[in-house]
Amino acid sequence: MERKTIDFDQGWDYMQKGITKLKRILEGLPETPFSSEEYMMLYTTIYNMCTQKPPYDFSQQLYDKYKEAFDEYIKTTVLPSLREKHDEFMLRELVQRWLNHKVMVRWLSRFFHYLDRYFIARRSLPGLNAVGLSCFRDLVYMEVRVNARKAVIALIDKEREGEQIDRSLLKNVLDIFVEIGMGEMDQYEQDFEVQMLEDTADYYKSKATNWIEIDSCPDYMLKAEDCLRRERDRVSHYLHSSTEQKLVEKVQHELLVTHANQLLEKENSGCHALLRDDKVEDLSRMYRLYHKIPKGLDPVANVFKQHITAEGTALVQQAEDASNQTTSGSGSQEQVLVRKFIELHDKYMAYVNDCFMNHTLFHKALKEAFEIFCNKTVAGSSSAELLATFCDNILKKGGSEKLSDEAIEETLEKVVKLLAYISDKDLFAEFYRKKLARRLLFDRSANDDHEKCILTKLKQQCGGQFTSKMEGMVVDLTLARDNQMKFEEYLRDNSHANPGIDLTVTVLTTGFWPSYKSFDLNLPSEMIKCLEVFKDFYETKTKHRKLTWIYSLGTCHVIGKFEAKNIELVVPTYPAAALLLFNNADRLSYSEIMTQLNLAHEDIARLLHSLSCAKYKILIKEPNNKTISPNDIFEFNYKFTDKMRRIKIPLPPADERKKVIEDVDKDRRYAIDAAIVRIMKSRKVLGHQQLVLECVEQLGRMFKPDIKAIKKRIEDLITRDYLERDKDNPNTFRYLA
Amino acid sequence: MHTLLGRKGTGKTVTFKAKVSREALTQLSKLVESRVSTGVTIFDELSMLMSRLDLTVDFSEFSRFYDFVFFMCRDNGQKNIAVSRAVTAWKLVLAGRFSLLHPWCDFVEKNQRYNISEDTWQQVLAFSWCTRDNLEAYDPEGAWPVLIDDFVSRCTGLVSLWPNKASYIFIRILMINYHC
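About the cut-offs
- Residues numbered from 1 in each chain as written.
- Chains lettered and ligands numbered in written order.
- Predicted model: local features only at pLDDT ≥ 70, side-chain atom pairs only at ≥ 80, totals over all residues.
- Heavy atoms only, no water.
- Helix = DSSP H or I, 4+ residues; strand = E, 2+ residues; numbered from the N terminus.
- Rg over C-alpha atoms; globule rule 2.2 N^0.38 Å.
- Buried < 20%, exposed > 50% of the residue type's maximum accessible area, 1.4 Å probe, protein only.
- Contact = heavy atoms within 4.5 Å.
- Areas by Shrake-Rupley, 256 points an atom, 1.4 Å probe, with all protein chains shown as cover.
- Lys, Arg positive; Asp, Glu negative; His and termini not counted.
- Charge placed at Lys NZ, Arg CZ, Asp CG, Glu CD.
- Salt bridge = Lys/Arg side-chain N within 4 Å of Asp/Glu carboxyl O.
- Axes fitted to C-alpha atoms, helices over the stretch in contact; angles between N-to-C directions.
- Parallel < 35°, antiparallel > 145°, perpendicular 65-115°, else oblique.
- Left-handed = near helix turned anticlockwise from the far one by under 90°.
- Nonpolar A, V, L, I, M, F, W, Y, C, P; charged D, E, K, R; others polar.
- Buried area = accessible area lost by both parts, 1.4 Å probe.
- Polar contact = N/O pair within 3.5 Å; in protein donor to acceptor, adjacent residues only side chain to side chain.
- Arc of directions from axis to C-beta.
- Pairing = 2+ DSSP bridges.
- Expected span 1.5 Å × (residues − 1).

1. Focus: the overall build of chain A
A tally of helices and strands in chain A yields 29 helices and nine strands. Against the globule reference of 27 Å for 737 residues, chain A gives a C-alpha radius of gyration of 47 Å, more extended than a compact globule. Split into buried and exposed, the 737 residues of chain A put 45% on the buried side. Put simply, of all contacts in chain A between residues at least 6 apart along the chain, 71% involve residues at least 24 apart. Here chain A has roughly 38900 Å² of accessible surface; of this, 50% comes from carbon and sulfur atoms. The averaged location of the 114 negative side-chain charges in chain A is 3 Å from the averaged location of its 110 positive side-chain charges.

Here it is in structure tokens:
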């Protein structure tokens, strides 16, 4: 049976009834919902009208009519209802109308669906859904968007001021902005977001201007943090998620960036004051607020660095002043300083870890600050020396026996950390080595484990080369004890060789130990025999080794046969040699003693002082004053006595500072030479600036080389034909193989 | 000797010239050694030599002569020359070529403890050439010997109160005053 052709007007009439019914449903008027039959009929009508043979193929007309249906409804019903409402009411109406419209589109596009399948696809026209939505967009949205936006923004500002608003309404309105873009965010961004962001900026700009004048830094920060939290909250409730980043940036900019300087530099509550008053929480907040802002933390880190530097420098000044006032116990001031440095470091490291979340910027600030004041000289001592003395005080007997092992280890750990900030590490090493030598050789070390412990830590921090000599020294001592046992065995086995005096020898490996001058002291004959015996023994163990005796480091136990009683005197070798001279004469002049001992003025004066002008007067000096002069006469003091049976008469240590500095300077010259040669050997040709730069870098682990010193070494190397200047460019050097 | 130094040679004459220079050098050193005993100083010799040479030659020619003067001033077996000798030689050889000659010589005499190395000697000529118009051409970051660095910082240090430009003007005045 042939299908009956549907006439256009007839068909459209039928469709119109369906459309009207739909409209009534949308308006909330009483209507029965569409039955499946009704739906089918409407669909089929369209189908038929589209599949009829031309000229009864009405696809185009139907397509146009579809659109018209929306346009007509919108113009007659929707727009008027919107126009008569304002602000929040208008928004509600808009939301409702949009929902309705979507329903209408859904239904109508189902009725007209057949158009989508062939006609639209063939002609590549916009689909039914798109047409439907664009009707709303073009007629409704375009008209109301500005007012809608204004209304929304007004509500947002209202909420900012603390009033309650209908958040779901805003969400629905903004959903329209998003959906109307039909897959693109353009409408949302251009019609709403841009303005909203600007409005936000203005809002916070005025707030900030107000607050910054009145509020203290912590209060301002609290407000800022609160505002940011609220804005984020706003996004999660009704703004589109893509707005969050931009919104937060705007707020941050107005509240935190624009007024950063003024905020951080507030007189009594800014960054500096917070540090001063240990306001940990406020500083943590400051970190949280500024760390997302590019370069936001730079000024904070700067203030942090300045603050620490100021505190450190003040400590240095304090120590300097204190040592200027007291002449006695001057050493202890500097030791107090090191302790204070450690405390300062602990305090601010805690800040870096806690408040500033371990951020590298703050680690750097701390490091740079410490590098500034840790390298200042205090009362003539460099910081390298101070640290070495501090270690010596902990490690020597009577130094820190009250502290527990853990406490000592902890302190040593912290001292080694401080060393990282000192540029003259090689100077520290040399002072440390000298003091270590004294501890080891005069048995003044409190605890072997602690000695090993600090060497391990130094090795970890500064590398094996730094500690290799020191470790060698410790090993030497162990070996020396073994050696001594073997020596005593030897003496037992060779009784004829026995010198008649108990002799303990410590053999040191040259190179590990600091360099000591050995003088040709004229030994008393008893001692000479001792030396020869040991030499014979040593040659049975190892040939090809040269023994050089360092008398300045020895100790002798001499029995003084005084009138009242015998007393054992524990003295260094030089004074012992001097005392033994009095076995042959009761009175000796300064020059006689000097000639007989064959020592320099310096050493003679020191040893005679310790025997005649110090606590125990073993010798009587004429004239009886406290200074040694070359005209003095010395007489053995028979009447000397003491309640003890054994007394120690040490020599005060000669000032080693000058020698240490000289030695280190010399080593540095060699180190610079070696570095230059090493660099030039591998590069063959290198410009002056580059060479200096690489030298500084290579040597930086141990010390900061002086540019002038490097230049002098270069000149020297040129003279020694290691390098030459390039013929064409005198600023470039060539390596001469 | 003067013909060799005064003319630019072709390729063939250059190698020939080099060979003859070496021979001439050996001869001259022997001459110098023998003359020492007769009481004639090297500076007399040097003056005589200079009078016979055409010293209006260009810079590279002159520098060869200048380098040779160092060689003349050396004692046998020594790598460097004594300060006093260097100063006398400079006053002879660089007269009219180094505007800061006299302040330089004063400075060196007062401040230099060690002997003058060959490299320093050569760099002094380079320095005189570099700063012939003004001291600004001197680059403090350059590879100048430390002695020259110290000299310049002494010169500019004297007028450190004045802004940079003025200090260079002062140096120019200094140069003009000393210009021979």
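2. Here we look at the pattern of salt bridges
Residues and elements named next belong to chain A. All told, the structure shown has 75 salt bridges over all chains when counted by the stated rule. In this structure, D226 engages R230 in a salt bridge whose closest nitrogen and oxygen atoms are separated by 3.0 Å. On the criterion of helical spacing, the pair formed by D226 and R230 is a turn pair, its members being four residues apart in helix α10 (residues 217–237). When its relative accessible area of 23% is taken as the criterion, D226 is described as partly exposed. Salt-bridge contacts for K347 lead to D278; the nearest nitrogen and oxygen are separated by 3.3 Å. Remark: D278 occurs in the loop between α13 (271–276) and α14 (280–290) and K347 occurs in helix α16 (residues 330–354); sequence separation between them is 69 residues.

3. Some thoughts on the packing of helix α4 (residues 59–73) of chain B against helix α5 (residues 83–93) of chain B
Residue and element names in this part refer to chain B. Their axes nearest at 10 Å, the elements α4 and α5 cross at an angle of 150°. Regarding the angle of α4 to α5, the classification is roughly antiparallel. Here the hand of the crossing between α4 and α5 comes out right-handed. In this structure, α4 contributes F62, F65, Y66, V69 and C73 to the contact, and α5 contributes R85, A89, W90 and V93. Classifying every residue of the contact of α4 with α5 gives eight nonpolar, no polar and one charged.

4. Regarding the interface of chain A and chain B
Taken together, the contact between chain A and chain B spans 14 residues of the former and 14 residues of the latter. Roughly 1200 Å² is buried in total at the junction of chain A and chain B, and carbon and sulfur atoms are behind 43% of that figure. The tally of links from chain A across to chain B stands at four salt bridges. Applying the counting criterion to the chain A and chain B interface returns 12 residue pairs in polar contact (both at pLDDT 80 or more). The leading source of residues in the side of chain A that touches chain B is helix α29 (residues 707–719) of chain A, at six residues. When grouped by side-chain class, the residues that make up the side of chain A that touches chain B number three nonpolar, four polar and seven charged.

5. Brief notes about α5(B)
Residue and element names in this part refer to chain B. Where α5 is concerned, the buried positions are V83, A86, V87, A89, W90 and V93. Buried positions in α5, seen along its axis, are confined to an arc of 165° and lie on one side of it. In this structure, the buried residues of α5 make contact with α3 (42–52), α4, α6 (101–111) and α7 (118–130).

6. Structural notes on the sheet that holds strand β6 (residues 646–648) of chain A
Residues and elements named next belong to chain A. Read across the sheet, three strands follow the order β1-β2-β6 without closing on themselves; strand pairing throughout is mixed. Pairing within the sheet leaves two strands with one partner each, and these edge strands are β1 (555–561) and β6. Strand-to-strand twist across the sheet, computed as the mean angle between neighbouring axes with direction ignored, equals 25°. Alignment of strand β2 (residues 566–572) against β6, held across three bridges, turns out to be parallel. Bridge assignment links E568 to a residue of β6, and that residue is R646. Helix α24 (residues 573–581) contacts β1 and β2 of the sheet and is inclined by roughly 135° relative to β2.

7. With respect to helix α23 (residues 525–541) of chain A
Residues and elements named next belong to chain A. When the terminal C-alpha atoms of α23 are compared, their 25 Å separation across 17 residues agrees well with the 24 Å that a helix rising 1.5 Å per residue should span. Among all positions of α23, only M527, C530, L531, V533, F534, F537 and Y538 are buried. Seen along its axis, α23 keeps its buried residues to an arc of 165°; they face one direction. Away from its buried face, by an angle of more than 90 degrees, α23 presents the exposed residues S525 and T540. Against the buried residues of α23 lie α22 (464–493), β1 and α24.

8. Considerations on the sheet that holds strand β5 (residues 633–636) of chain A
Residue and element names in this part refer to chain A. As summarised here, the arrangement of the three strands in space is β3-β5-β4, forming an open sheet in which the pairing is antiparallel. The sheet terminates laterally at β3 (587–589) and β4 (619–622), the two strands that pair on one side only. Here the average twist between neighbouring strands, direction ignored, is 25°. Bridge analysis of β4 against β5 gives four bridges, and the strand direction is antiparallel. When the bridges of β5 are listed, E622 appears paired with I633. Against the sheet, helix α25 (residues 590–597) touches β3 and β5, its axis set at about 85° to β3.

9. With respect to the pairing of strand β9 (residues 732–735) of chain A
All names here are of chain A. Looking at chain direction, strand β7 (residues 685–687) and β9 are connected through three bridges and run antiparallel. What sits directly across from G687, in β9, is T732. With three bridges joining them, strand β8 (residues 723–725) and β9 adopt antiparallel strand pairing. Residue pairing across strands places R725 opposite F733, the latter belonging to β9. With antiparallel pairing between neighbouring strands as the criterion, β8 and β9 make up a hairpin whose turn holds six residues.

10. Examining the environment of B:N115
Residues and elements named next belong to chain B. With respect to the helices and strands, N115 occurs in the loop between α6 and α7. Note on N115: relative accessible area 37%, which makes it partly exposed. Considered as a pair, N115 and N80 are 35 residues apart in the sequence and their alpha carbons are 5.7 Å apart. Not counting the four nearest positions on each side in its chain, N115 is found in contact with N80, I81, A82 and V83.

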